[in-house]
Amino acid sequence: MIGQAQAVRGVPPVSVFANSTAHWRHLDAAHHLHPFSDTKGLNAEGVRVITRAEGVYIFDSEGNRILDGMSGLWCSAVGHGRHAIVDAIADQLRQLDYYNTFFKTTHPGAAELAAAIAQVAPEGFERVFFTSGGSEAVDTVIRMVRHYWAAVGKPGKHIFIARKNAYHGSTIGGASLGGMAPMHAQGGLPIPGIVHVQQPYWWGEGGNMSPEEFGLFAAQEVARAIDEAGPENVAAFIGEPIQGAGGVIIPPSTYWPEVQKICRERDVLLVSDEVICGFGRTGEWFGCQHMGVQPDLITFAKGVTSGYFPLGGVIVGERVAEGLIEQGGEFHHGYTYSGHPGGCAAALATLRIMQEEDLVARVKCEIGPYLQERWLPLANHPLVGEARMVGLIGALELTPHKETRAKFPGEVGTVGLIARDISFREGLVMRAVRDSLILAPPFTLSEEEADTLIATVVRVLDQTLEVVRDRGLMGPPL
């Protein structure tokens, strides 16, 4: 806390405007480098300052109430202000604030959470490796998979197949596995040993194929990449059940079963990146269950603690776990905060709430269908080409011409950003990816709040359409 008479490089003393938007913006602009941000542009515009949260709402420093349609960053599944989680963290930290899980050591929280995750994981998943978050979990997969193949006598299997426009985190390994071109343009990425293939994005890349045909086509691109590299050299295929940051890309129903078949036939491990989809987002405990596939490894983070404490990890299937344990010896990998006591307490409390309130079933059978029934008809709006949603994760594709699935003229993403900014102004957090809007609200969303959400989206679309027409971005009819 800055003292009453203390100033920081030209920032007036706190007493002049303490606890004000201007004060926090001053400090932020002077000292904070934001993730995924153009700092110069952000400082010129001024940041939004969020000061508190409750239920499905966040509140900014100007007193505005905003419906948190993105669950923070996909993570606030059980809603904000859950005192049971806060109390569990505080009680744990009073008893054991920290100890590591290296050196033949554990603590009750790590042991109990590993068992609790195994209980809700798909059949055959009994082992958990803890990390601090999703990016570390993905990096762990790279190390773990390559070590597994070496341990079982196939060290040549080291190549990973991943997808274009996928997001697997922001560490060097995670960003390399991800297929985001802007990330690969910085820092000398991707690292060697990674091949990227067609994403299952029917709206944007399906051409004249039906969704089912395109799903098989995109899956066969995985087969082609494995065969070109040589199955004896390919360690694993990694994919999000639904590509989140890529724009909530929900694969056609034919895609995932075919990918699983391809990987099994070629003895390639299948990794389901569940950092977003895991712990109920699709209406199943894990997205792979919704897609009807059985992977070999599952990465997780975000929803496991509902964002109350950083924690992530890898759930390891029976085949890989047995190879690592019986033949792998010491696994020279881990993190200072693997299985942090506070994170484990937050996760155990979160899972307890999800089970006591049956929130996964609520997403699948109650609030999910309720919101979908109102979300999908938004495809009838003049600006919307496709509305899609599974569980409580959805997207609206914005287009100037529905029938041809056309893109807007000018820079890609301009219309999406227009809509996103209008949405914030109207009191709803939606995220823009390219010229689309994506949504992933907390599982505790009520029907009344869902109605408010949809009414707000309609206002956002109407206002965006007006701006787009005024700027001449709709283009002439095709």
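Predicted, not measured: the structure shown is a model, and the values here were computed from it.

(A) Fine view of the confidence of the model for the protein chain. Per-residue confidence for the protein chain averages 94 on the pLDDT scale, and 96% of its residues sit at or above 70. Overall, residues 1-8 carries pLDDT values under 50, and its contacts beyond four positions in sequence, including any with other chains, amount to 13 contacts.

(B) Main features of a negative patch on the surface. A surface patch of negative charge is lined by E123, E126, E318, E322 and E326. Note that E318 resides in helix 14 (residues 318-327). A relative accessible area of 57% places E318 in the exposed class.

(C) Highlighting the sheet that holds strand 3 (residues 65-67). The strand order across the open sheet built from three strands is 1-2-3, with neighbouring strands paired in antiparallel fashion. Every interior strand has two partners, whereas the edge strands, strand 1 (50-54) and strand 3, have only one. Neighbouring strand axes in the sheet, compared pairwise and without regard to direction, differ in orientation by 30° on average. Note that strand 1 and strand 2 (residues 57-60) share four bridges and pair antiparallel.

(D) Layout of the packing of helix 7 (residues 134-151) against helix 14. At a minimum axis separation of 9 Å, helix 7 and helix 14 run at an interaxial angle of 60°. Along this stretch, helix 7 crosses helix 14, giving a crossing that reads as left-handed. Here helix 7 contributes M144, H147, Y148, W149 and A151 to the contact with helix 14, which in turn contributes R319, V320, G323, L324 and Q327. Residue classes in the contact of helix 7 with helix 14 are distributed as six nonpolar, three polar and one charged.

(E) How the structure looks around the packing of helix 5 (residues 83-95) against helix 15 (residues 341-356). Between helix 5 and helix 15, whose axes approach to 8 Å, the crossing angle comes to 150°. On the basis of the axis angle, helix 5 is roughly antiparallel to helix 15. The handedness of the crossing between helix 5 and helix 15 is right-handed. Only P341, G342, A345, A346, A349, T350 and I353 of helix 15 make contact with helix 5, whose side of the interface consists of A84, I85, A88, I89, Q92 and L93. Of the residues assigned to the contact of helix 5 with helix 15, the class counts are 10 nonpolar, three polar and no charged.

Rules of the game
Residues numbered from 1 in each chain as written. Predicted model: local features only at pLDDT ≥ 70, side-chain atom pairs only at ≥ 80, totals over all residues. Heavy atoms only, no water. pLDDT = per-residue confidence, 0-100. Contact = heavy atoms within 4.5 Å. Patch = residues over 30% accessible without salt bridge, like charges linked within 9 Å, V, L, I, M, F, W, Y side chains within 5 Å. Areas by Shrake-Rupley, 256 points an atom, 1.4 Å probe, with all protein chains shown as cover. Salt bridge = Lys/Arg side-chain N within 4 Å of Asp/Glu carboxyl O. Lys, Arg positive; Asp, Glu negative; His and termini not counted. Charge placed at Lys NZ, Arg CZ, Asp CG, Glu CD. Helix = DSSP H or I, 4+ residues; strand = E, 2+ residues; numbered from the N terminus. Buried < 20%, exposed > 50% of the residue type's maximum accessible area, 1.4 Å probe, protein only. Pairing = 2+ DSSP bridges. Axes fitted to C-alpha atoms, helices over the stretch in contact; angles between N-to-C directions. Left-handed = near helix turned anticlockwise from the far one by under 90°. Nonpolar A, V, L, I, M, F, W, Y, C, P; charged D, E, K, R; others polar. Parallel < 35°, antiparallel > 145°, perpendicular 65-115°, else oblique.

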